Amino acid sequence: MRIDEWSRAKASGFNPTQLAILDLLAGRGGGLGVREIAAHIGVSQPTATDSINALERKDCVAKQTDAADKRVVRVAVTAAGLAGLKHAHQEESFTEQAIAALGGGAREDLLLTLIKMIRHLQETGAIPVQRMCVSCRHFAPFAHADAARPHHCKFVDAAFGQRELRIDCHDHVEADPSSRAATWDAFQTG
Ligand code: SF4
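Here the structure is a predicted model, which means the values were calculated and not measured.

Engineer: What is the right way to read the environment of T17 from this model?
Structural biologist: If you trace the backbone, T17 turns up in helix 2 (residues 16–25). Residue class for T17 comes out partly exposed when judged on its relative accessible area of 23%. Through-space distance from the C-alpha of T17 to that of S51 is 6.8 Å; in sequence the pair is 34 residues apart. Setting aside anything within four residues of it in sequence, one finds T17 in contact with I41 and S51.

Structure, rendered in structure tokens:
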């Protein structure tokens, strides 16, 4: 994955931290604060600030004052930033090729394992809550008898299967901690 990051960085003219910031901001129209950005990508605030300033000089992000609190600056991706991100992701990465080479069952097992690991990290406070179905207010696990599509997304009002579980959904709305715990229990017990 690190090799992929550097290959993409080389091809796109961004460094891996800048690419991680653009990836994070894509789909977050309201932007994020510097502290949130640093926490999500796992770097210090000064490192995040340096990369944000470099992206701003390239017109790939824009800073806005938060409407509710004028002391807070939010950083949002621009059209140029999204275009750069698209360019960086146009080639299939080595990791994507390796995942594609797995059989369908192994891919599903890998996805479920990843979801469990990410959830553990976020519930212990090691990382911020990610935009996964299992932490989303719209997610109803095992709401349908159909074994191929047992889950329900209330946002799009549609059933979906285990393989379609999302780990970074732009339509995610974070559920409160008690709802998240109840949803997880229902997801685990099936
Ligand atoms: S809105 Fe996205 S994250 Fe939420 S349940 Fe639907 S697909 Fe999953």
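Engineer: I would appreciate a short explanation of the nonpolar core in the present structure.
Structural biologist: Note on soluble globular proteins: their nonpolar side chains tend to be buried together. The biggest cluster of nonpolar side chains holds 20 residues, and the ones touching the most others in it are L22, L25, I37, I52, L55 and V61. When contributions to this core are tallied by element, the ones reaching two or more residues are helix 2, helix 3 (34–41), helix 4 (45–57), strand 3 (73–77) and helix 5 (79–88). In this view, I52 contacts I21, V34, I37, V61, K63 and V75; residues no more than four positions away in its chain are not counted. Core analysis: the second largest hydrophobic core is formed by 14 residues, L112, I115, C153 and W184 among them.

Engineer: What is the right way to read the pattern of salt bridges from this model?
Structural biologist: A side chain with one charge can pair with a side chain of the opposite charge if their charged atoms come near. All chains considered together, the criterion is met by 7 salt bridges. A salt bridge links D69 to R71; its shortest N-O distance comes to 3.0 Å. We classify R71 as exposed; its relative accessible area is 74%. For R131, the salt bridge identified is with D168, shortest N-O distance 2.9 Å. Here the residue R131 occupies a position in the loop between helix 7 (104–123) and strand 4 (139–140), and D168 occupies one in the loop between strand 6 (158–160) and helix 8 (177–189), the gap between them amounting to 37 residues. Note on R131: relative accessible area 7%, which makes it buried. D168 sits in the partly exposed class, given a relative accessible area of 39%.

Engineer: Is there a simple way to think about the sheet that holds strand 5 (residues 151–153) in this case?
Structural biologist: Through backbone hydrogen bonds, the strands of a sheet pair up, either in parallel or in antiparallel fashion. Pairing within the open sheet is antiparallel, and its 3 strands lie in the order 4-5-6. Among the strands making up the open sheet, the edge pair consists of strand 4 and strand 6. Pairing of strand 4 with strand 5 involves 2 bridges; the strand directions are antiparallel. In the sheet register, A140 faces strand 5, and the bridge partner there is H152.

Engineer: Where do I start with the side chain of R180 in this structure?
Structural biologist: Along the chain, R180 turns up in helix 8. Of the residues examined, R180 reaches a relative accessible area of 10% and is grouped as buried. Other than its neighbours up to four places away in sequence, R180 contacts E123, V129, V134, S135, E174 and A175.

Here is what the cut-offs are and how they apply
Residues numbered from 1 in each chain as written. Predicted model: local features only at pLDDT ≥ 70, side-chain atom pairs only at ≥ 80, totals over all residues. Heavy atoms only, no water. Helix = DSSP H or I, 4+ residues; strand = E, 2+ residues; numbered from the N terminus. Buried < 20%, exposed > 50% of the residue type's maximum accessible area, 1.4 Å probe, protein only. Contact = heavy atoms within 4.5 Å. Core = buried A, V, L, I, M, F, W, Y, C linked by side-chain atoms within 4.5 Å. Salt bridge = Lys/Arg side-chain N within 4 Å of Asp/Glu carboxyl O. Pairing = 2+ DSSP bridges.

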